[in-house]
Amino acid sequence: MKSKSEFDYRQLLEGIYYDILPYSGDGEQADYIPALARVNPDQFGMCLKLVDGREFSVRQADTPFSIQSISKVFALAMAMSLKGESIWKRVGKEPSGTAFNSLVQLESERGFPRNPFINAGAIVIADVLLSSLPDADSSFLSFVRSICGNTSVSYDFEVAQSERASGFLNAAIANLLKHHGRISNDIEEVLGFYFRICSVNMSCRDLARAFLAFTNVKPFEYGGFSLTSSQIKRLNAVMQTCGFYDEAGEFSYLVGLPGKSGVGGGIVADCPGRYSVAVWSPRLNGKGNSVLGMKALELLTTRTEESIF
Ligand code: GLU
């Protein structure tokens, strides 16, 4: 086994790409958001960023895509910065064991979302941000632009609009939350903001750069929002247990990193103290995680022998 400093990461990523090619036709891209159904599903990108600053990428690592639920990590980081521990009075931190957009559990638990990464939890976090910030839309963009170092990152209003027009389930979730007194702002306002934060376009390179902040080398402050090392540790814990839909156990087992996926086919993860990595390919497995993304990350942690376990 080579020492980490002499590891040829460029060759490693190329090798991973060729080894996952046989699976490139597996899975289906998300089509419940009409604008996402128009994306070419046969794309793949990956970017790895080490804490020493080196960066390696393959294929479409610079192609922006819809980050969707990955945005929930950024929103949670902002809410933790603003509210500290009290944020957990608004949302839980347990894996849900149900689909990310399930109504059943939310109803039986009187509208208290299991965690901030299922849609109900993220809608509550959107409500918290709207209540705490004079201009939540611009604060969210400032934070994301600052943490990834790319000022051109923006909302994709066509995707947000497309999701609003077909987002009946999310509207039902927001109504149930409102019924139980879990959100204070107007439902339309909360949903509009939630859909906009999901619509943000970023590339694998942007995401790997952003997630370097979560490798917990030191406390951070971006765009006016700061997290302590202890808060970053806890954010990673929530990603580890709740970041991959109803497949967080499988992801832990195969990959062994905290992270978050989105229905746009992106997955971003970090190895605290070592590296951050983002991968994107639109075809999803039955649980909503990118098929090639999962395989690529499994190969990455197997071949580098670097995961949190
Ligand atoms: N905007 C998407 C939704 O609410 C996000 C889903 C996801 O990426 O998990 O359905």
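Attention in this report is confined to the structure presented alongside it.

Conventions we followed
Residues numbered from 1 in each chain as written. Predicted model: local features only at pLDDT ≥ 70, side-chain atom pairs only at ≥ 80, totals over all residues. Heavy atoms only, no water. Near = heavy atom within 4 Å. Polar contact = N/O pair within 3.5 Å; in protein donor to acceptor, adjacent residues only side chain to side chain. Areas by Shrake-Rupley, 256 points an atom, 1.4 Å probe, with all protein chains shown as cover. 1 Å grid on protein atoms, 1.4 Å probe; cavity = no way out; pocket = protein on both sides within 12 Å on 5 of 7 lines; lining within 4 Å. Points joined across faces, edges and corners; volume = space filled by probe spheres on them. Nonpolar A, V, L, I, M, F, W, Y, C, P; charged D, E, K, R; others polar. Phe/Tyr/Trp six-rings, centres within 6.5 Å; stacked < 30°, edge-to-face > 60°. Buried < 20%, exposed > 50% of the residue type's maximum accessible area, 1.4 Å probe, protein only. Lys NZ or Arg CZ within 6 Å of the ring centre and 35° of its normal. Helix = DSSP H or I, 4+ residues; strand = E, 2+ residues; numbered from the N terminus. Expected span 1.5 Å × (residues − 1). Contact = heavy atoms within 4.5 Å.

1. Some thoughts on the site of the ligand
The full set of residues close to the ligand is Y32, Q68, S69, F100, N119, E163, N170, Y194, C198, Y245, G262 and V263. E163 places a side-chain nitrogen or oxygen 2.7 Å from a nitrogen atom of the ligand. In this structure, Y194 approaches the ligand through a side-chain N or O atom, which is 2.7 Å from an oxygen atom. Calculation on the ligand without its partners gives an accessible area of 290 Å², and the protein chains cover 99% of this total.

2. Some thoughts on empty space enclosed by the protein
Within the structure shown, the criterion is met by two cavities of 30 Å³ or more. For the lining of the largest cavity, the per-class residue count stands at seven nonpolar, four polar and two charged. Estimated volume of the second largest cavity: approximately 40 Å³. Forming the boundary of the second largest cavity are Y32, Q68, S69, K72, F100, N119, E163, Y194, C198 and V263. Of the residues in the lining of the second largest cavity, the class split is five nonpolar, three polar and two charged.

3. Focus: the packing of aromatic side chains
This structure, assessed with the given rule, holds 17 aromatic pairs. On the basis of an interplanar angle of 85° and a centroid distance of 4.8 Å, the ring pair of F211 and F214 is categorised as edge-to-face. Among the residues examined, F214 registers a relative accessible area of 0% and is labelled buried. Taken together through their ring pairs, the aromatic side chains of F74, F143, F211, F214, F220, Y222 and F225 make up a single cluster. Here K260 stacks its cationic end above the ring of Y245, 4.6 Å away from the centre of that ring. The ring of Y23 is capped by K295, whose NZ or CZ atom sits 4.4 Å from the centre of that ring.

4. A short note on helix α3 (residues 71-83)
Given 3.6 residues per turn, any residue in an α-helix points the same way as the ones three and four places further on. Spanning 13 residues, α3 covers 18 Å between terminal C-alpha atoms, matching the ideal 18 Å at 1.5 Å per step. For α3, the tally of buried residues reaches ten of 13 residues, placing the bulk of the element in the interior. If you check which residues of α3 are buried, you get S71, K72, V73, F74, A75, L76, A77, M78, A79 and M80.

5. Some details on the side chain of K49
By secondary structure assignment, the location of K49 is in strand β1 (residues 45-50). K49 gets classed as buried once you look at its relative accessible area, which sits at 13%. A distance of 3.2 Å separates the side chain of K49 from the backbone oxygen of G53, its partner in a polar contact. If we ignore the near neighbours within four places in the chain, the residues touching K49 are R54, E55, A208, R209, L212, R274, Y275 and S276.

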